[in-house]
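Inside the fold
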Amino acid sequence: MALWPPERHFRTQIPFSTFAWKCLLVSLVPCLALVPIYIATSPAAFWETLVSMPAARARLIRQLLTNGLPVIFAVNYAAFFLFATFSERRSLGARYIALDALLRPILFVVLHIVIYALSADVYGSFGGDRVQGMRVVFPTLERSAFLENLSGVYLYSVLLPAMPLYVRALQVCSTSAAPAKTTKVAVHEPWIWPIVAAFSVTFVALVAMTLALGTVARLVQ
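Residues numbered from 1 in each chain as written. Predicted model: local features only at pLDDT ≥ 70, side-chain atom pairs only at ≥ 80, totals over all residues. Heavy atoms only, no water.

**Examining the side chain of Ser-151**
Structurally, the position occupied by Ser-151 is in helix α7 (residues 150-159). In this structure Ser-151 comes out as buried when scored by relative accessible area, which is 4%. Here the side chain of Ser-151 touches His-112 through a polar contact of 3.0 Å, side chain to side chain. Excluding residues within four positions of it along the chain, Ser-151 makes contact with Phe-108, His-112, Tyr-116, Thr-140, Leu-141 and Ser-144. (Helix = DSSP H or I, 4+ residues; strand = E, 2+ residues; numbered from the N terminus. Buried < 20%, exposed > 50% of the residue type's maximum accessible area, 1.4 Å probe, protein only. Polar contact = N/O pair within 3.5 Å; in protein donor to acceptor, adjacent residues only side chain to side chain. Contact = heavy atoms within 4.5 Å.)

**Describing a nonpolar patch on the surface**
Nonpolar side chains collect at one region of the surface, where Leu-102, Ile-106, Val-110, Val-114, Leu-118, Val-122 and Tyr-123 lie side by side and expose about 630 Å² of accessible area between them. Structurally, Val-110 can be placed in helix α4 (residues 94-122). Judged by relative accessible area, which is 43%, Val-110 ranks as partly exposed. (Patch = residues over 30% accessible without salt bridge, like charges linked within 9 Å, V, L, I, M, F, W, Y side chains within 5 Å. Areas by Shrake-Rupley, 256 points an atom, 1.4 Å probe, with all protein chains shown as cover. Salt bridge = Lys/Arg side-chain N within 4 Å of Asp/Glu carboxyl O.)

**With respect to the pattern of salt bridges**
Tallying each qualifying case throughout the model produces 1 salt bridge. The residue Arg-104 makes a salt bridge to Asp-100 at a minimum N-O spacing of 2.6 Å. Highlighted residues: Arg-104 and Asp-100, both in helix α4, separated by 4 residues, approximately one helical turn.

So this is what it looks like as structure tokens:
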């Protein structure tokens, strides 16, 4: 596996441009894979609009480039930098996963608020009303958990890159008592199932947090 283990490729000592380029690639891969899924699962009218109206296609691309990719990249950059920091301190484990699981949703929400406010100012979105833009953030994020909007593409493009990092963190933690053991991931290893379970719980928790934010937003409005 070319990018395994991830600590070989994400280190705090490497130049910013190199670190950023690798994070950009990690951000692009899930995003480009999820956009066709989002389009395919959208109502047929959405696809017909994209095919027949160049303006609709241009708007979709603009949203991906100006709204989505900056958010995905920023969250993934911070998350990989956190991973690199913990890796170099040889402290990968449950504490790192807990911090990462907090970092991703918090940054994701905060950056959405900033991007929506900027979109109102720069592109005239939400009628040019910055406050209105910020009001729709949480309902939008609630729907994103079900991939019902482009924010769903952004959400899962942020969540999916966490999996190899969590796997590596728990792998390092579980093999720390046996440093001579191979680092190759194998299905028959006894610790692989706790890793899968841990990631699954974290993944569900992050999606549940997104749903909860939408519910809270409706209650306080």
